[in-house]
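Summary of the model geometry
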Amino acid sequence: MAEPDPEPMASGAGQRLGAPETLGISTLDPGHRPPAMPPGRQVTIRVRMLDDSEELFDISQKASGKVLFDLVCSHMNLIEGDYFGLEFQNHQKMMVWLDHIKPIIKQLRRPKHTILRFAVKFFPPDHAQLLEELTRYLFALQIKQDLSCGRLTCNDSSAALMVSNIIQSEIGDFEESQCRSHLLNNNYIPDQMPLIDKIMEFHSKNIGHTPAESDYQLLEVARRLEMYGIRLHPAKDREGTVLSLAVAHTGVLVFQGHTRINAFNWSKVRKLSFKRKRFLIKLRPDLNSSYQDTLEFLMASRDCCKVFWKICVEYHAFFRLFEEPKPKPKPVLFTRGSSFRFSGRTQKQVIDYVRESEFKKIPFESRVQHNSRLSPLPSPCDHEVPTEVSFLGVVSNSPHLSASSGHSHGMVNGQKSLELCSHSPNGRQPSPLTSPLLNDACSVRTDDEDEVRRKRFPTDRAYFIAKELLTTERTYLKDLEVITSFQSAVGQDEATPDSLKNTILSTFEPLHKFHTGFLREVEQRLALWEGRSNAHIKGDYQRIGDVMLKNLQGLKPLTANLHKQSEVLLELEKACRASRKLEGLCRDFELQKVCYIPLNVFILRPLHRLIHYKQILERLCKHYPATHVDFRDSRAALADVSEVVDQLQGSLVKMENFQKLLELKKDLLGVDNLVVPGREFIRLGCLSKLSGKGLQQRMFFLFNDVILYTSRGMTATNQFKVHGQLPLHGMTIRESEDEWGVPHAFTLVGQRQSVVVAASSLTEMEKWMEDIKMAIETAKTSNGPSSDLLTSNLSDNKCPENSSVEAESEDDMTASHTSLERPAPHRGNTMVHVCWHRNTSVSMVDFSIAVENQLSGNLLRKFKNSNGWQKLWVVFTNFSLFFYKSHQDDYPLASLPLLGYSVTIPSESENIHKDYVFKLHFKSHIYYFRTESEYTFERWMEVIRSATVPTSRTRVLNSKESHPH
């Protein structure tokens, strides 16, 4: 018997929430359980968690350290476990990390009497790189421990600020007597008494912050401290001066006391080694440096040297390498030196894994308040959950289901599924990369029913072309209804200018009325064609050209003003700038489910629809022989629509660019004057930027005059914060893979600064270099916009990563406080965010092609391991598939962005044994879709390939040249 789902708790301030049971394990491949326990005598291992609770794990003595570590991560449902480790005191009384490769028995002499500590091992420079709330919570506990023991030293103000965030997380909003009593009974820092009043003052300013926000603020302060993540290893230099060595993501650090006196960046270090008690740092030759080629430090013993050398090797691999280093072959006769190597995933692999898996869409919640133990939640349900819960979700075989995952359940293909249309508990939109199983309201048709239905309908290609007109017209009419409902929403508000109301009303109301009638005629004609109305009168009704000719002639007067659509966009933009209230109304409307793509795209739909009519008629005329009864009307209709499209083509190109600039403006934080005459968008996407901190993922935006680079903010707005700009005038570009030893790297050499970046693949690098080179050449001869894009605090044209850390700290801290106090909702499913998650890029060429390739209709969907086929209404647009129960639905239930996917035909070994099936494949995720005819199969393959196959900028330039501007 399944127990009823428990009531979810409100995520209010002061409630500490625990880990959901449905999550996976960080160090394992998607969907796998921890490795099988090797045979041998079992031993009980005691592990002390970060909240000071202790857990017992039974494990074979022959098991490796990795097996134990995976069990601990599995116990906590920790995904990003690679940042952590298990440390213990060895027989020499030294604290060392448990080796993942060696057997437990060779590391723990007395396992029953040894306590292992679960602790943070790798401290990233920015907690925004931690994608899971549970991970940030564990980091916050580590900071709390480091503060308490005096390891994390800082000034009184920083200490008081951090403690205020800790107690906000533990006891909630400030209440003077409660706060003072709590501080008197709990010590968070050494010598806390003199700071109690200051802590209370800071705590009083944290009202309303949830535990997650408090953790975020704690890490925001901690990461800026000099001793953040530092573990000191005593040493002496050649002169006998007492020092300490430490390792960080940037390289090897030298401390005197708690003051850093030197740093050796990984890029400057050629080799690290040790010889007996001497720890050696061999530097790369540098004519501008006064350092010797090799630096020598004396440590207490050889073992001390080896312990520090090992953690240096691991830090370098984790933060600097793209993937885990391969083991060296074992020598045949004798060994020399240590065989130790880093074992596990690098930071880049961890980030990629979590983004692909989209575990972060499941919130970190529990049913207990304050100081909860890091143990799994009890299962609310004994049923097995589906092995695949999302298009991008990692396969999960967990028998438990989190209460936060949804409230109602249905059966799909014999498997239990989650309700789809619920918002996440924190009120934000679901992830853009999420497409869970639909509930049982969707029909699941059997194969026999489908075969019977297929035999009843016509098989002529012209019928399926006409049916495409019908299905896409249904979607278009729904899109027009979005604009008319938007007009109703803002039209009643006094903040909306009358001119804007009149413009939208005069443009879209007549179009909506016209296409309602047009759709009715197309539906009637298809019903006659299929024989559903009058089976005995067929001949004269098996055509569609006459219906299109009549209606396109009726549509012509309404298209006369379509070239003024840019005025609608511009007037809406001006009105929003002038009125915050109207801006809020527009933003709220765009967050509604019906607005499944950016609002501005809906405004341009009438222009795009004319292109679709032209394509449908071209296919129809190509199919018909000249003697066909429908050929003459179809050719006349094609001539009419082609004339209108040719007249509007130049305006459409400009309007699409204008719309894209307006959309990007919403996604960027810290940029002014983005939308100016003459500026053209070219490409956006992810590149890894090389800096003193190593390779860091950045979002780049290429325009015809400048390149912007940004990072994603961990705030409620989900916007991308601009770090710097690179003017194209005077820029050069060169490949740099050999120069830096980084795959797919190239250097952008500007007049005032140079930037080294690396693409995720050779194809991505070639696309970026082609577009940038062409933009540089164009910038030499054009008089493009010259205004500074950045806001005043970034207008010095320097990246904050290379400028003063103190200045950046103050700006960032202020921004994060503001965003948490007044979170402004923002869509997180735009193409910018999809590119960020998929680590890829798209160009304006791709956007233009995506607009021309839209499709709607019924498809049967099947998961890799399921049996039945599920009938869905599917809309392809904006690089994504949107899923509905039926065409009557007002909004999609789920979506699947296709960037990164490949579309192929199933092989014989996949045992599909059905006609007209195509396969979508992304890494380990495979999904099958089944169409009703050869024509619809070809069309779906064609449009999906347009979103998944890379395009060249040359294609759009050639197409632009063929149309007058």
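Structure report, in brief. Since this is a predicted model, take the numbers as computed values, not measurements.

1. Remarks on the pairing of strand 3 (residues 84-89)
- Buried residues dominate strand 3, accounting for five of its six residues.
- Pairing between strand 3 and strand 5 (residues 115-120): four bridges, direction antiparallel. Across the sheet, Gly85 pairs through a bridge with Ala119, a residue of strand 5.
- Adjacent in sequence and paired antiparallel, strand 3 and strand 4 (residues 95-97) are bridged by five residues, among which Lys93 carries a positive phi angle near 65 degrees.

2. Some details on the packing of aromatic side chains
- Enumeration according to the criterion identifies 30 aromatic pairs in this entry.
- On the basis of an interplanar angle of 70 degrees and a centroid distance of 4.9 Å, the ring pair of Tyr596 and Phe882 is categorised as edge-to-face. Taken as a pair, Tyr596 in the loop between helix 14 (580-590) and helix 15 (599-603) and Phe882 in strand 26 (residues 880-884) lie far apart in primary sequence, 286 residues in all.
- Exposure remark for Tyr596: the relative accessible area of 8% places this residue in the buried category.
- The class of Phe882 is buried, set by a relative accessible area of 6%.
- Between Phe700 and Tyr709, the aromatic rings sit 5.7 Å apart at their centres with planes inclined by 25 degrees, giving stacked as the arrangement. As far as burial versus exposure is concerned, Phe700 and Tyr709 are alike and both buried.
- One aromatic cluster in this structure is built from Phe69, Tyr83, Phe84, Phe118, Phe122, Phe123, Phe139, Tyr228, Tyr315, Phe318 and Phe319.

3. Some remarks on a negative patch on the surface
- A cluster of acidic residues, Glu735, Glu737, Asp738 and Glu766, forms a negative patch on the protein surface.
- As for its position among the elements, Glu735 is in strand 20 (residues 732-735).

4. Overview of the sheet that holds strand 5
- Across the sheet, five strands lie side by side as 2-1-5-3-4; this open sheet has mixed pairing. Lying at the two open borders of the sheet, with one neighbouring strand each, are strand 2 (54-60) and strand 4. For this sheet, the mean inter-axis angle between neighbouring strands, taken without regard to orientation, is 35 degrees.
- Contacting strand 3 and strand 5, helix 2 (residues 133-149) runs over the sheet at an angle of about 110 degrees to strand 5.

5. Details of the pattern of salt bridges
- Enumeration according to the criterion identifies 41 salt bridges in this entry.
- For the salt bridge of Arg461 with Glu938, the shortest nitrogen-to-oxygen distance reads 3.1 Å. With a gap of 477 residues between them, Arg461 in helix 10 (residues 461-491) and Glu938 in helix 23 (residues 934-948) connect regions that are remote in the sequence.
- Its relative accessible area of 33% is what places Arg461 among the partly exposed residues.
- Judged by its relative accessible area of 33%, Glu938 falls in the partly exposed class.

6. Focus: the sheet that holds strand 30 (residues 925-930)
- The antiparallel open sheet is built from seven strands, whose spatial order is 27-26-25-24-30-29-28. Among the strands making up the open sheet, the edge pair consists of strand 27 (894-897) and strand 28 (902-904). Neighbouring strand axes in the sheet, compared pairwise and without regard to direction, differ in orientation by 35 degrees on average.
- Inspection of the sheet shows strand 24 (residues 855-863) paired to strand 30 by four bridges, in the antiparallel sense. When the sheet's bridge partners are listed, Lys862 is paired in strand 30 with Tyr928.

Conventions we followed
Within each chain, residue numbers correspond to sequence positions counted from 1 in written order. For a predicted model such as this one, the threshold for reporting local features is a pLDDT of at least 70, and the threshold for listing and counting side-chain atom pairs is 80 or more; totals across whole chains, interfaces and linings nevertheless cover every residue. With hydrogens and water set aside, each side-chain value is computed from the structure's full complement of heavy atoms. Under the scheme applied here, a residue whose accessible area is under 20% of the maximum for its type counts as buried, over 50% as exposed, and between as partly exposed, the area being computed with a 1.4 Å probe on protein chains only. Only DSSP runs of H or I with at least four residues qualify as helices, and only runs of E with at least two residues qualify as strands; both kinds are numbered from the N terminus onward. Any two strands between which DSSP finds at least two bridges are classified as paired. When the centres of two rings from Phe, Tyr and Trp lie within 6.5 Å, Trp using its six-membered ring, the rings pair. Their planes under 30 degrees apart give stacked, over 60 give edge-to-face, and anything left gives tilted. Here, patches come from residues exposed beyond 30% relative accessible area and free of salt bridges, joined within 9 Å for like charges and within 5 Å for nonpolar side chains (Val, Leu, Ile, Met, Phe, Trp, Tyr). Per-residue and other accessible areas follow the Shrake-Rupley method at a 1.4 Å probe size, with only the shown protein chains counted as cover for residues. Salt bridge, as used here: a side-chain nitrogen of Lys or Arg that lies within 4 Å of a carboxyl oxygen of Asp or Glu. A residue counts as positive if it is Lys or Arg and as negative if it is Asp or Glu; His and the chain ends are not included. Charged side chains are reduced to one point each, which is NZ for Lys, CZ for Arg, CG for Asp and CD for Glu. Here an axis means a line fitted to C-alpha atoms, over the contact stretch when the element is a helix, while the angle between two N-to-C directions is reported on a 0 to 180 degree scale. Note on contacts: a residue pair qualifies if any of its non-hydrogen atoms lie within 4.5 Å across the two residues.

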